[in-house]
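Descriptive structure summary
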Amino acid sequence: MKILVIDGQGGGIGRAIVERASKVLPEATLIALGTNALATAAMLRAGAHQGATGENAIRAQCRTADVIAGPIGIVLANALLGEVSAEIARAVADSPAQKLLIPSERCNIHVAGTRRQTLDEAIAEILDIMREMIQ
């Protein structure tokens, strides 16, 4: 299973996803994709198998992914302080991959019907879904 973890800014959410996924899903290939080099580096240090940075890398990898994980802003143009281009948001949205997104009010986005969770709780939920997909 090819799992893309996409993040921007400092890569904190992506780093946390990679760190935990690498332990509970050792059979999965984790690819870190950052909107900037700092985010990519943080995810690589956390245990991603490969990493790349920038719009073109994200667009190319989204075509063949099984799962895409990251903050909800990766599907919204101009999110993450403007780091998510319209092309990145479109590539993620158009990908046939299952999208596992962590809601965040930092982007002024409130998703009705979701409950407030800590980052750890949200990542645990994402990992449960990934494990179900593998089985």
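Everything in this summary refers to the structure shown in the same document.

What counts, and where the lines are drawn
Residues numbered from 1 in each chain as written. Predicted model: local features only at pLDDT ≥ 70, side-chain atom pairs only at ≥ 80, totals over all residues. Heavy atoms only, no water. Buried < 20%, exposed > 50% of the residue type's maximum accessible area, 1.4 Å probe, protein only. Helix = DSSP H or I, 4+ residues; strand = E, 2+ residues; numbered from the N terminus. Arc of directions from axis to C-beta. Contact = heavy atoms within 4.5 Å.

This part is about helix H5 (residues 86-94). Listed in full, the buried residues belonging to H5 are Ile88, Ala89, Ala91 and Val92. Each buried residue of H5 lies within a common arc of 160° when the element is viewed along its axis, so the set occupies one face. In this structure, the buried residues of H5 make contact with strand S1 (2-7), helix H3 (55-62), strand S4 (67-71) and strand S5 (98-102).

It is worth spelling out unusual backbone geometry at this point. Its identity as a non-glycine residue notwithstanding, Gln9 has a phi of 50°, on the positive side. Locating Gln9 in the fold gives a position in the loop between S1 and helix H1 (12-24). The phi angle at Asn78 is positive, at roughly 75°, despite the residue not being glycine. Checked against the element boundaries, Asn78 lands in the loop between S4 and helix H4 (79-82). Looking at Asn78, the relative accessible area reads 59%, which means it is exposed.

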